[in-house]
Amino acid sequence: MINAQISELKNLLKTPKDIVIVPHRNPDGDAMGSTLALYHYLKLYNHNAIVIAPNDYPDFLKWLPGDDTVLKFEMQQDECTTLINNADLIFTLDFNAFHRAGNQMAEVLESSTAIKIMIDHHQQPDDYAKYTYSDISMSSTCEMVYNFIEMLGDDDKINAIIATCIYVGIMTDTGSFRFPATTSRTHQVIGNLIDKGADNSQIHNNIYDTNSYSRLQLLGRAMQNLKVMPELRTAYMTLSQSELDEFNYKKGDTEGFVNYALSLKDIIFAAIFIESQQDQIIKISLRSKGEFSVNEFSRAHFNGGGHTNAAGGRSDDDMATTLNKFISILPQYKQDLNQ
Ligand code: 5GP
Ligand code: MN
C-alpha cells in the first residue's frame, strides 16, 4: 500500500463512517483476530463499525474481546444485508476473492457500492478493492493489521485488547511461530504486542488447552486412519461423517489434525479429507514443507487455494472417489515431491 493511498485512507477515516469488516467463511484465528483488532481500532475513532462473519466459528475463538458484537451473515441475513448495503466502507480481511465469503454473502458484497479495502496475505488476489494491501510474504493478516495501524501512524493506539486480537492471529497462522513465514519482524511485532498487554501464556491456553475428551478421541481416530506413501513423501488421513458423528464433532475440532501427518519424518506433503454431509462435499486441507505448492495443487485439482505451504480445497465426489483421484494424481508430482 503506497503512501498516497494511506493518506487518502487517513482522510476518509477522519470522520465517523459506517464500516463493515468481513473475514472469510469458516473463520479461523487469523480471520477473527484481524477483524476484531480492526474493529476495536476503528471504535477508538467513533466509527460505526461492525464485524460480519459469513458463518459461525469455533468455540476456542469465542473468548476474543468483542466476540459478542460479531454478526453472522448466515444466521442474520436481513440485518447483515442492510448493514452491507448502507456501509460507507467495507474491509475484507484474510481473504481476497468474494466467493470465499460464501455465495450468498458474496453477491451482497459484490453489489454494494461501499469503498472496499482488502488486507490479506493469500496468493492471487482479485481486483475488487479500491485499496488493496496484499502481501503473500506475511505470516498472517493480523501482522498486516499491525502494519496497517502503524502506517496510519497509530501504533501508540494499540491497547491490550487490540494487541490480544492481533496476537491470536499471528500465533494461530504461524503454528505458534514455527512456519517459515515467521520472520524476525514477526517476533518484533509479537514482542511489542506483549509490551502493550497481550498475555501470551493466557492466549495460548485459551486457544489450545480447551480440548474436549471427544475431540482427542476424534484425533485418535484420524491418526488410526493415517496412510503413508513414502515414495511420494506424502501422508493423508480421512474422517467420514459417521466418524465425526461418533465423536460428537463440533466446528473447529479437526483444526490442526493435518499437521500431525506433516510431522512424520521425511514427509513433505500432507492432506486430510473430511466428509461434510451438510455441504455435500469432502473438505480438504493440504499442507507442505519447502517448495511444493499446495496452493497450486489445490487450484489445479480441488477447487481451492491458499498459500504455498497451506491450502484448502473441496471435492463434490464421495470419499472413495476423491481419494482415488488424489492417489492417481500424485505420481505426476513424484519429481517435485522428491526434490
Ligand atoms: P485450511 O486447510 O486451514 O482450511 O486452510 C488453509 C489455508 O488455505 C488458509 O489460509 C485458508 O484461508 C486457505 N483456504 C482454505 N480453503 C480455501 C479455498 O477454498 N480457496 C482458497 N483460495 N483458499 C483456501
Ligand atoms: Mn490468515
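Our structure is the block above this text.
Residues numbered from 1 in each chain as written. Chains lettered and ligands numbered in written order. Predicted model: local features only at pLDDT ≥ 70, side-chain atom pairs only at ≥ 80, totals over all residues. Heavy atoms only, no water.

Draft legend 1. Spotlight on the site of ligand 1. For ligand 1, the full set of nearby residues is Arg-100, His-122, Lys-283, Ser-285, Arg-287, Gly-304, Gly-305, Gly-306, His-307, Ala-310, Ala-311 and Gly-312. Here an oxygen atom of ligand 1 sits 2.6 Å away from a polar atom, N or O, in the side chain of Ser-285. Between ligand 1 and the protein, one listed contact pairs a nitrogen atom with a backbone N or O atom of Gly-305 at 3.0 Å. Taking 490 Å² as the accessible area of ligand 1 by itself, protein coverage stands at 82%. Counting only elements with at least two residues in the shell around ligand 1, the list comes to β10 (281-288), β11 (305-306) and β12 (310-315). (Near = heavy atom within 4 Å. Polar contact = N/O pair within 3.5 Å; in protein donor to acceptor, adjacent residues only side chain to side chain. Areas by Shrake-Rupley, 256 points an atom, 1.4 Å probe, with all protein chains shown as cover. Helix = DSSP H or I, 4+ residues; strand = E, 2+ residues; numbered from the N terminus.)

Draft legend 2. Looking closely at the coordination of the manganese ion (ligand 2). The protein atoms that coordinate the manganese ion (ligand 2) are Asp-30 (OD), Asp-94 (OD), His-121 (NE2) and Asp-173 (OD), at distances of 2.2 to 2.3 Å. Positions of the donor residues of the manganese ion (ligand 2), expressed as sequence spacing, correspond to D-x63-D-x26-H-x51-D. Of the two residues, Asp-30 sits in helix α2 (residues 29-43) while His-121 sits in the loop between β5 (115-120) and β6 (131-134), which places them 91 residues apart along the sequence. His-121 shares its class with Asp-30; the two are buried. (Donors = N, O, S within 2.8 Å, 3.2 Å for Na, K, Ca; no water. Buried < 20%, exposed > 50% of the residue type's maximum accessible area, 1.4 Å probe, protein only.)

Draft legend 3. Representation of the sheet that holds β5. Strand order in the open sheet made by the 6 strands is β3-β2-β1-β4-β5-β6, with parallel pairing throughout. Both edges of this open sheet fall to β3 (71-72) and β6, since each of them pairs with a single strand only. Judged from the 2 bridges that link them, strand β2 (residues 48-53) and β3 form a sheet pairing that is parallel. Bridge pairing in β3 links Ala-53 to Lys-72. In the packing of helix α1 (residues 3-12) onto the sheet, contacts are made with β4 (89-93), β5 and β6, and the angle to β6 comes to roughly 120°. Running at roughly 170° to β2, α2 makes contact with β1 (18-22), β2 and β4 of the sheet. (Pairing = 2+ DSSP bridges. Contact = heavy atoms within 4.5 Å. Axes fitted to C-alpha atoms, helices over the stretch in contact; angles between N-to-C directions.)

Draft legend 4. View of the packing of aromatic side chains. Throughout the structure, instances matching the rule amount to 15 aromatic pairs. Both rings, one in Tyr-236 and one in Phe-326, keep their centres 5.7 Å apart while their planes meet at 75°; by these two values the pair is edge-to-face. In this pair, Tyr-236 is assigned in strand β8 (residues 234-239) and Phe-326 in helix α13 (residues 319-329), connecting sequence segments 90 residues apart. Residue Tyr-236 is classed as buried on the basis of its relative accessible area, which comes to 7%. Every member of this aromatic cluster is reached through a ring pair, and the members are Tyr-236, Phe-269, Phe-273, Phe-292, Phe-297, Phe-302, Phe-326 and Tyr-333. Lying across the ring of Tyr-57, Lys-62 places its NZ or CZ 5.4 Å from the centre. Over the ring of Phe-302 we find Lys-325, and its NZ or CZ is 4.7 Å from the ring centre. (Phe/Tyr/Trp six-rings, centres within 6.5 Å; stacked < 30°, edge-to-face > 60°. Lys NZ or Arg CZ within 6 Å of the ring centre and 35° of its normal.)

Draft legend 5. Structural context of helix α12 (residues 294-301). The complete set of buried residues in α12 reads Val-294, Asn-295, Phe-297, Ser-298 and His-301. The buried residues of α12 occupy one face: seen down the axis, they fall within an arc of 165°. Projecting away from the buried face of α12 at angles above 90 degrees are the exposed residues Glu-296 and Ala-300. Tucked into the core, α12 has its buried residues touching β9 (269-276), β10, β11, β12 and α13. In the stretch just after α12, Asn-303 is the one whose phi turns positive, near 50°. (Arc of directions from axis to C-beta.)

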